[in-house]
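Per-entry structural report
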Amino acid sequence: MEIVRLNSSQFDNFAKNHKYRSFYQSSMYGNLIKQFGYNVEYIGIINDEKQLQGASLIMYKVVFMKNKIGYCPRGILFNYDDSNEVKKMTTLYLA
């Protein structure tokens, strides 16, 4: 698995059909939250076959002396029913 950057349309195409979707995981919410000083990034989780398996909107802002605070509203859109895939996802950058 690998984490990649997505553009807003790639993210929305994945999110609109996901069973855990919500308004808080949409580019519309990302555009709204930008009005409050947040930056927005869209990430994707791809498997070894380069298929998108998960995605998330991440909002962040500088709070003090170049320190940033980030938040992923309603969590990452991912298939949490497959425990092996969840384990792979949560250990992507621990090694």
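Quick caveat, the model's predicted, so the values are computed rather than measured.

Here the focus is a nonpolar patch on the surface. Judged by side-chain polarity, F23, Y24, M28, L32 and F36 come together as a nonpolar surface patch covering roughly 510 Å² of accessible area. Among the structural elements, F23 can be located in the loop between α1 (8-15) and α2 (27-34). Looking at F23, the relative accessible area reads 40%, which means it is partly exposed.

All right, on to the pattern of salt bridges then. According to the stated counting rule, one finds two salt bridges in the structure shown. A salt bridge links K50 to E2, with the nearest nitrogen and oxygen atoms 3.4 Å apart. Of this pair, K50 sits in the loop between β2 (39-46) and β3 (52-64) while E2 sits in strand β1 (residues 2-6); the two residues are 48 residues apart in sequence, bridging distant segments of the chain. Residue K50 is classed as exposed on the basis of its relative accessible area, which comes to 57%.

Conventions and cut-offs
- Residues numbered from 1 in each chain as written.
- Predicted model: local features only at pLDDT ≥ 70, side-chain atom pairs only at ≥ 80, totals over all residues.
- Heavy atoms only, no water.
- Patch = residues over 30% accessible without salt bridge, like charges linked within 9 Å, V, L, I, M, F, W, Y side chains within 5 Å.
- Areas by Shrake-Rupley, 256 points an atom, 1.4 Å probe, with all protein chains shown as cover.
- Salt bridge = Lys/Arg side-chain N within 4 Å of Asp/Glu carboxyl O.
- Helix = DSSP H or I, 4+ residues; strand = E, 2+ residues; numbered from the N terminus.
- Buried < 20%, exposed > 50% of the residue type's maximum accessible area, 1.4 Å probe, protein only.

Fair warning: the whole summary comes from geometry, so function is off the table for now.
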